[in-house]
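Descriptive structure summary
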Amino acid sequence: IETNNQRTVFMYLPWSTNLTSYFYNNISDMEEAIQEKGLENERIIVFLSTSPSESEMFEITLNNGSCKRTILKEYVNPSFTTEAGLTEILGDMKTFAPAENVPMTRFFGGLTAEYQTNISTLAQSLSNNGLSMEYILFDDCYMSSLEVAYELRHVTNYMIACPTEVMVFGMPYSTIGKYLLSEKPDYKAICESFY
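These notes cover the structure that comes with them.

**Describing helix α2 (residues 83–96)**
The end-to-end C-alpha separation of α2 is 20 Å, in line with the 20 Å expected for 14 residues at 1.5 Å each. Turning to α2, its buried residues are Gly85, Leu86, Thr87, Ile89, Leu90, Gly91, Asp92 and Met93.

This is the structure in structure tokens:
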């Protein structure tokens, strides 16, 4: 465990039926931002569902200008839609990369009820782990409602979201990634870059 880790950026990409290929693009875009900005006192952890029944948690590191993905844990049938399951996943992230600040990117659910997670489940699972996020970025449509913000009011300082539909490609991580990775995120620059 690195004792100088100030920030952990957690990309959470649960099974979302037809979005998996776009998730891989989002990860590659974030790696592009990491290569541009570099890593200092932060770690990048990704939870990715590669199928409805298989998921993995890996870390993105930067070595000699190239990004490397190191598998930290593999999951079979993770219950990411339940409080217990999501609490475990967030607990794994916290164990692998404890940090003073934990921003979180991308949420939240698939096309059918069996793969969808309630916002209250997210809030309670974060609370169960004693986690308070610097920001939570929603990459899904219609996640910027007052109801969502209210549910998350005790577990995050900022919510980054789009008030309308989000294109299937997701947020432009290659452009906004450097701001998301910063010690003090420039929220205005994130919004302007997205726009």
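**Thoughts on unusual backbone geometry**
Positive phi, close to 50°, is recorded for Asn64, a residue that is not glycine. You can see Asn64 is positioned in the loop between β3 (54–63) and β4 (66–76). Judged by its relative accessible area of 83%, Asn64 is exposed. Here Asn77, not a glycine, exhibits a phi torsion of approximately 50°, which is positive. For Asn77, the position within the fold is in the loop between β4 and α2.

**Quick look at the packing of α2 against helix α3 (residues 119–128)**
Between α2 and α3, the least distance of the axes is 8 Å, while the angle of their chain directions is 50°. Put simply, α2 runs oblique to α3. Crossing of α2 against α3: the hand is right-handed. For the pair α2 and α3, contact is made by Glu83, Leu86, Thr87 and Leu90 and by Thr121, Leu122, Gln124, Ser125, Leu126 and Asn128, respectively. Partitioned by chemical class, the residues of the contact of α2 with α3 number four nonpolar, five polar and one charged.

Calculation rules
- Residues numbered from 1 in each chain as written.
- Predicted model: local features only at pLDDT ≥ 70, side-chain atom pairs only at ≥ 80, totals over all residues.
- Heavy atoms only, no water.
- Helix = DSSP H or I, 4+ residues; strand = E, 2+ residues; numbered from the N terminus.
- Expected span 1.5 Å × (residues − 1).
- Buried < 20%, exposed > 50% of the residue type's maximum accessible area, 1.4 Å probe, protein only.
- Axes fitted to C-alpha atoms, helices over the stretch in contact; angles between N-to-C directions.
- Parallel < 35°, antiparallel > 145°, perpendicular 65-115°, else oblique.
- Left-handed = near helix turned anticlockwise from the far one by under 90°.
- Contact = heavy atoms within 4.5 Å.
- Nonpolar A, V, L, I, M, F, W, Y, C, P; charged D, E, K, R; others polar.

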